[in-house]
Amino acid sequence: MSDKDKDSTNSATEDTSKLWGGRFSEATDAFVQRFTASVQFDNRLWQHDINGSVAHAMMLQKVGVLSEEEKDQILGGLEAIWYEIEAGKFQWSVELEDVHMNIEAALTARIGNVGKKLHTGRSRNDQVATDIRLYVREQVDAILELLGKLQLALVDLAERDSDTIMPGFTHLQTAQPISFGHHMLAWNEMLERDYSRLVDARKRLNVSPLGAAALAGTTYPIDRDYSASLLAFDGPTRNSLDSVSDRDFAIEVASCCSTIMMHLSRFSEELVLWTSSQFDFIDLPDRFCTGSSIMPQKKNPDVPELVRGKSGRVFGHLMSLLTLMKSQPLAYNKDNQEDKEPLFDLLDTVKDCLFAYSEMMPAVTCKKENMRAAAQQGYATATDLADYLVKRGLPFRDAHEVVGKSVAYGIAQGKDLSELSLETLRGFSELIEEDVFAVLTLEGSLNARDHLGGTAPRQVLIAAGTARSLIEARPKR
Ligand code: ARG
């Protein structure tokens, strides 16, 4: 505890003017006030908090708990507060603890006693559960949009570079030649699954806890379907205890976001490698790179590096949320206030990273000569030679052996398989004939893999078309 905090402890006064003041004989300790407050960070929920209150007030009027006039006064007050916050003129107060009590107190200050009726049949417990769901839903929609934008950029690259040849790797060793476009579509597939995971999570989070009140429901004749529909929820939640306590929907979204970040981190690793002078496969636009203060020659891939680094904090926030939830007995506990900072930072981070990628990827250019040379170097067509022999009747294991020997010979001579003479090749197997050179070329190797999911440029273009139509068929949110 800092000295400042120590000074402020035990400074309780007779001020018991809190919203729960009736039960208390001394004011909250100043340190405890700061320690328990969340308004510093939960005020970003203000729009959802007001929308939730509007829906609640309209529902109370519909069922006869509020008069038409009272409802109109409340809605008018909330609207004025909305504009005040939007204009940056609203005074947030730590004494009022959180966004909910700040807005409610401002309402009463503005419209008088009617403001005090808004909280009828409601608790901050169902209120905050509603606000967070609305917030997460909005953020999920923003993330879905960014995912789509990045996916389209990858599909564009796939079409542009359907026949750009690069080495494909396993164990980061040259394995077989592939098309750069095919590689981009592999990333797109990962994002496609990320998209569908989030859409699925959105279904489970889009239900309204309003009406659960503190934990057990309320004695008023509420209409939960009505308030749910006003907030564009698919319907009300089914159990009041569960509604106010679980944050599994946030955990699920955090998990989806962690998977997105894991994917972006993998892409980043490849971009970092590809821009190194050792690989030198691609160019990133200058505006997405930085220089070194000491080494004038440097152009560093900072954006991919940072995205790779930021995956760590997102995974960390997922762990925070899981740990926060794991020991809580039903129903609401104050622990849940700790869900916001990790969740907000996680969503901000994922959006920033997706935005960076969606802006950067369209400007990536391939250094085709380097990629081609690299594909040529690593005996990437060795499997093609084995397949050639199999097609001429040799069992695959024997073909593997023949090619292994040819490669060893090539390495010793410093030559690629395609550079060995027919006579030399026939020394390894009599089955080899003049037409072998067609399969030993990079183009031959790619074109031979002409089936669904294969790397033949023709297939890459078909796959890009399929990917594009999946993205374009998505509903607008
Ligand atoms: N600020 C609180 C939160 O974020 C709101 C709910 C408070 N409820 C309560 N019973 N203290 O969770």
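Above this text is the structure in question.
What you see is a predicted model; the values in this text were computed from it and never measured.

Participant: An account of the overall build of the chain is needed here, citing residue identities and associated values.
Facilitator: Secondary structure assignment for the chain yields 20 helices and 4 strands. Relative to the compact-globule value of 23 Å for 477 residues, the chain shows a C-alpha radius of gyration of 31 Å, a clear excess of over 25%. Dimensions of the chain along its principal axes, counting C-alpha atoms only, are 100 × 50 × 40 Å. Counting all 477 residues of the chain, 48% fall into the buried class. Look at the contacts in the chain between residues 6 or more apart in sequence, and 74% of them connect residues 24 or more apart. Summed over its atoms, the accessible surface of the chain is roughly 22800 Å², and 52% of this surface lies on carbon and sulfur atoms.

Participant: So, the site of the ligand: which residues are in play, and what are the values?
Facilitator: Residues in close proximity to the ligand include S38, D42, D98, H100, R124, N125, V128, Y332, Q337 and K340, which together make up its full environment. In this structure, a nitrogen atom belonging to the ligand sits 3.0 Å away from a side-chain N or O atom of D98. Protein burial of the ligand: of its 340 Å² of free accessible surface, 85% is covered by the chains. Broken down by element, the residue count for the shell around the ligand peaks at 3 residues, all from helix α7 (residues 124-160). Across the shell around the ligand, the residue classes tally to 2 nonpolar, 4 polar and 4 charged.

Participant: Quick rundown of unusual backbone geometry? Include the residues and the values.
Facilitator: Note that the residue after L330, namely A331, is joined by a cis bond; omega there is 5 degrees. For A331, the position within the fold is in the loop between α12 (302-325) and α13 (340-360). Even without being glycine, H171 reaches a positive phi, approximately 55 degrees. With respect to the secondary-structure elements, H171 resides in the loop between β1 (165-170) and β2 (173-179). H171 sits in the exposed class, given a relative accessible area of 74%. Located in the positive-phi region is L172, a residue other than glycine, with phi close to 55 degrees. Mapped onto the elements, L172 comes out in the loop between β1 and β2.

Participant: Describe helix α15 (residues 382-391), listing the residues and the values that go with them.
Facilitator: Residues of α15 that are buried: A382, D384, L385, A386, Y388 and L389. Looking at the buried side of α15, the elements it contacts are α16 (396-413), α18 (436-440) and α19 (442-448). With its phi angle positive at about 105 degrees, G393 sits one or two positions after the end of α15.

Participant: Would you mind going over the pattern of salt bridges in detail, with residue names and values included?
Facilitator: This model, assessed by the stated rule, comprises 33 salt bridges. Two residues, D194 and R197, come together in a salt bridge whose shortest N-O distance is 2.9 Å. Residue D194 and its partner R197 are both found in helix α8 (residues 180-205); the two are separated by 3 residues, about one turn of the helix. Among the salt bridges present, the one from R372 reaches E443, with a minimum N-O distance of 2.8 Å. With R372 in helix α14 (residues 368-377) and E443 in helix α19, the pair connects residues that are 71 residues apart, well separated along the chain. Judged by relative accessible area, which is 27%, R372 ranks as partly exposed.

Participant: Could you give me a rundown of a nonpolar patch on the surface, with the residues and numbers involved?
Facilitator: Together, L215, L241 and L330 line one region of the surface with nonpolar side chains, adding up to about 270 Å² of accessible area. With respect to the secondary-structure elements, L215 resides in the loop between α8 and α9 (224-230).

Participant: Any chance you could break down the packing of aromatic side chains for me, citing the residues and the numbers?
Facilitator: Given two aromatic rings, their pairing is described by the distance between the two centres and the angle made by the two planes. On inspection of all chains with the given rule, the structure shows 11 aromatic pairs. Centre to centre, the rings of W46 and W82 are 4.9 Å apart; their planes meet at 70 degrees, and the pair counts as edge-to-face. With a gap of 36 residues between them, W46 in helix α4 (residues 46-62) and W82 in helix α5 (residues 68-86) connect regions that are remote in the sequence. Clustering of aromatic rings is evident, with ring pairs tying together F180, W187, F267, W274 and Y357. Positioned over the ring face of F24 is R23, at 5.9 Å from the centre of the ring. Lying across the ring of Y195, R474 places its NZ or CZ 3.5 Å from the centre.

The rules behind these values
- Residues numbered from 1 in each chain as written.
- Predicted model: local features only at pLDDT ≥ 70, side-chain atom pairs only at ≥ 80, totals over all residues.
- Heavy atoms only, no water.
- Helix = DSSP H or I, 4+ residues; strand = E, 2+ residues; numbered from the N terminus.
- Rg over C-alpha atoms; globule rule 2.2 N^0.38 Å.
- Buried < 20%, exposed > 50% of the residue type's maximum accessible area, 1.4 Å probe, protein only.
- Contact = heavy atoms within 4.5 Å.
- Areas by Shrake-Rupley, 256 points an atom, 1.4 Å probe, with all protein chains shown as cover.
- Near = heavy atom within 4 Å.
- Polar contact = N/O pair within 3.5 Å; in protein donor to acceptor, adjacent residues only side chain to side chain.
- Nonpolar A, V, L, I, M, F, W, Y, C, P; charged D, E, K, R; others polar.
- Salt bridge = Lys/Arg side-chain N within 4 Å of Asp/Glu carboxyl O.
- Patch = residues over 30% accessible without salt bridge, like charges linked within 9 Å, V, L, I, M, F, W, Y side chains within 5 Å.
- Phe/Tyr/Trp six-rings, centres within 6.5 Å; stacked < 30°, edge-to-face > 60°.
- Lys NZ or Arg CZ within 6 Å of the ring centre and 35° of its normal.

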